[in-house]
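Here is what each chain is made of, one letter per residue.
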Amino acid sequence: MINFSKNLVSKGLFIGCSLLSLSVAAQSSVWQVSKGDDNIYIGGTLHILPSDQMPLPAEFEFAYKQSDTVILEAKMPDPTDSQAQMSLLQTLSYSNGETLSEKLSPAVKEQLETKLAQFGVSLNELNSFRPFMVSVILMSMELQKQQLIGDGVDAYFAKRASSDQKTQHYLETLEFQLQLFKEMGENSEDKFIQSNLAQLDDYANLFDGMMKAWRSGDTESLNKLVIVPMRQDDPATFDKLLKERNHNWLPQVKAMFGNDQQELVLVGAAHLAGEHNLLALLAEEGYSVTQLEIAGE
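Since we're looking at a predicted model, the values are computed, not measured. (Residues numbered from 1 in each chain as written. Predicted model: local features only at pLDDT ≥ 70, side-chain atom pairs only at ≥ 80, totals over all residues. Heavy atoms only, no water.)

Colleague: Teacher, can you tell me more about the overall build of the protein chain here?
Modeller: Along its length, the protein chain carries 13 helices and six strands. Going through the 297 residues of the protein chain one by one, you find that 54% of them count as buried. Summed over all atoms, the accessible surface of the protein chain reaches about 13,100 Å², with 46% contributed by carbon and sulfur. (Helix = DSSP H or I, 4+ residues; strand = E, 2+ residues; numbered from the N terminus. Buried < 20%, exposed > 50% of the residue type's maximum accessible area, 1.4 Å probe, protein only. Areas by Shrake-Rupley, 256 points an atom, 1.4 Å probe, with all protein chains shown as cover.)

Colleague: Would you take a moment to explain the confidence of the model for the protein chain for this structure?
Modeller: Reading predicted coordinates in detail is not appropriate for stretches of low pLDDT. In this model, the protein chain carries a mean pLDDT of 88, and residues with pLDDT of at least 70 account for 90%. Taken as a whole, residues 1–26 scores under 50 in pLDDT and shows 88 contacts with residues more than four places along the chain or in a different chain. (pLDDT = per-residue confidence, 0-100. Contact = heavy atoms within 4.5 Å.)

Colleague: What's the story with the packing of aromatic side chains in this structure? I'm lost.
Modeller: Here the distance between the centres and the angle between the planes together describe a pair of aromatic rings. Per the stated rule, a full pass over the model turns up eight aromatic pairs. Taken together, a centroid distance of 5.8 Å and an interplanar angle of 40° make the contact between F60 and W214 tilted. Within this pair, whereas F60 is found in helix α2 (residues 58–66), its partner W214 is found in helix α10 (residues 203–216), the two being separated by 154 residues in sequence. A residue is classified by how much of its surface remains accessible, and W214, at 0% relative accessible area, is buried. Three or more aromatic residues joined by ring pairs make a cluster, and in this case those are F60, Y64, Y156, F157 and W214. A cation sits over an aromatic face here: K35 above Y287, 4.6 Å from the ring centre. The ring of Y64 carries K166 above its face, with NZ or CZ at 3.8 Å from the centroid. (Phe/Tyr/Trp six-rings, centres within 6.5 Å; stacked < 30°, edge-to-face > 60°. Lys NZ or Arg CZ within 6 Å of the ring centre and 35° of its normal.)

Colleague: Could you clarify how one ought to interpret helix α9 (residues 189–200) in this entry?
Modeller: Each α-helix winds once per 3.6 residues, and so residues spaced three or four apart point in a common direction. Compared with an ideal rise of 1.5 Å per residue, which puts 12 residues at 16 Å, α9 spans 17 Å between its outermost C-alpha atoms and is within 8% of the ideal. Those residues of α9 lying buried are E189, F192, I193, S195, N196, L197 and L200. (Expected span 1.5 Å × (residues − 1).)

Colleague: Teacher, can you tell me more about the side chain of T45 here?
Modeller: Topologically, T45 is positioned in strand β2 (residues 38–45). Using a relative accessible area of 0% as the deciding quantity, one classes T45 as buried. At 3.1 Å, the side chain of T45 forms a polar contact with the side chain of D154. (Polar contact = N/O pair within 3.5 Å; in protein donor to acceptor, adjacent residues only side chain to side chain.)

Colleague: Hey, could you run me through the sheet that holds strand β5 (residues 263–268) in this one?
Modeller: Neighbouring strands of a sheet are bound in pairs by backbone hydrogen bonds; such pairs are parallel or else antiparallel. The six strands are arranged β4-β3-β5-β2-β1-β6 in an open sheet whose pairing can be described as mixed. The open sheet is flanked by β4 (167–170) and β6 (288–291), the only strands paired with a single partner. Between one strand and the next, the sheet's axes are offset by a mean angle of 25°, whatever the strand orientation. (Pairing = 2+ DSSP bridges. Axes fitted to C-alpha atoms, helices over the stretch in contact; angles between N-to-C directions.)

Colleague: What should I look at first to understand the nonpolar core in this one?
Modeller: Nonpolar side chains in soluble globular proteins tend to be buried together. Among the nonpolar cores identified, the biggest contains 68 residues, and F60, L112, L116, V134, L138, I193 and W214 are the most heavily contacted of them. Examining the composition of this core, we find that nine residues originate from one element, helix α6 (residues 131–145), more than from any other. (Core = buried A, V, L, I, M, F, W, Y, C linked by side-chain atoms within 4.5 Å.)

Colleague: In this structure, what is going on with the packing of helix α4 (residues 106–118) against α6? I would like to understand it.
Modeller: Packed helices, taken two at a time, are described by the angle their axes make and the gap between the axes. Interhelical geometry of α4 versus α6 gives an angle of 35° and a closest axis separation of 11 Å. Judged by the sense of rotation from one axis to the other, the crossing of α4 with α6 is left-handed. Contacts between α4 and α6 involve L112, K115 and L116 from the first element and V134, L138 and M141 from the second. Each residue belonging to the contact of α4 with α6 can be placed in one class, and the counts come to five nonpolar, no polar and one charged. (Left-handed = near helix turned anticlockwise from the far one by under 90°. Nonpolar A, V, L, I, M, F, W, Y, C, P; charged D, E, K, R; others polar.)

Colleague: Where do I start with the pattern of salt bridges in this structure?
Modeller: Two side chains carrying opposite charge are able to pair once their charged atoms lie near each other. Overall, the coordinates contain 12 salt bridges when judged by the stated rule. A salt bridge links K145 to E142, with the nearest nitrogen and oxygen atoms 3.5 Å apart. Placement of the pair is K145 and E142 together in helix α6, with a separation of three residues, close to one helical turn. Of the charged contacts in the structure, one is a salt bridge between E285 and K254, with a shortest N-O distance of 3.1 Å. Of the two residues, E285 is situated in the loop between α13 (278–284) and β6 and K254 in helix α12 (residues 235–254); the sequence distance between them amounts to 31 residues. Here K254 falls in the partly exposed class, since its relative accessible area comes to 30%. Overlapping salt bridges, with partners in common, bring together E61, K65 and R160 in one network. (Salt bridge = Lys/Arg side-chain N within 4 Å of Asp/Glu carboxyl O.)

Given below as structure tokens:
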């Protein structure tokens, strides 16, 4: 029976949420958003980051030190919280005897079985999971094979903020995210699984390109690597995962202005690239958006 560590599943859920434009060759994925004399920082993150990518670009450290409040997408459960992990798995599993196999065409089912076999896993072991959970497991196994698993930027700053006793807020609840993940691929299982399988064909190079683009703040490359293929192959997922959430976050970010707090907002880098990205939405509302660059970096 397949056995995944709770920590690996949690990390996989983060990146699944953000596979992964304003500037092509800037210093890093941190922006200052200003209105009048007030400003906040917005940083684009990778939810999984190999340890050899540390330390982070200096712009992240600068924005963190300047801020007294850190805003993250959601508060993820501790991997040791067995009750929360069980709730997570139950939400992302079928009930009433349903299986993923019965929702896939014979051709896509065969493609999925072939890929899983490369990891020594059978579809029967995953058949009770919904499409999103299967995609997370596939990606986690590929990342583990490539030795790319590591704590993400979000987790790094969440731990630091807790240690430094900085205030933490969240743009979404975990319950909202789980419901979102539960619905992803629903009634379009073939297209969703095929899209994820296509990414895995050359995932090491894709992930390397994403890391390089993230580190340099190259939103145009992120758009080409992540957003454009998603919009072409699975527009419903693009709408649910990125477009709708960016629009939902916009009023929350606007409400951060006009107080005595200095906020650092950390969201997946894909939310800051391509059409309907959060930075572009803020610019359309009249906010000044400037890519941060620390002298000497």
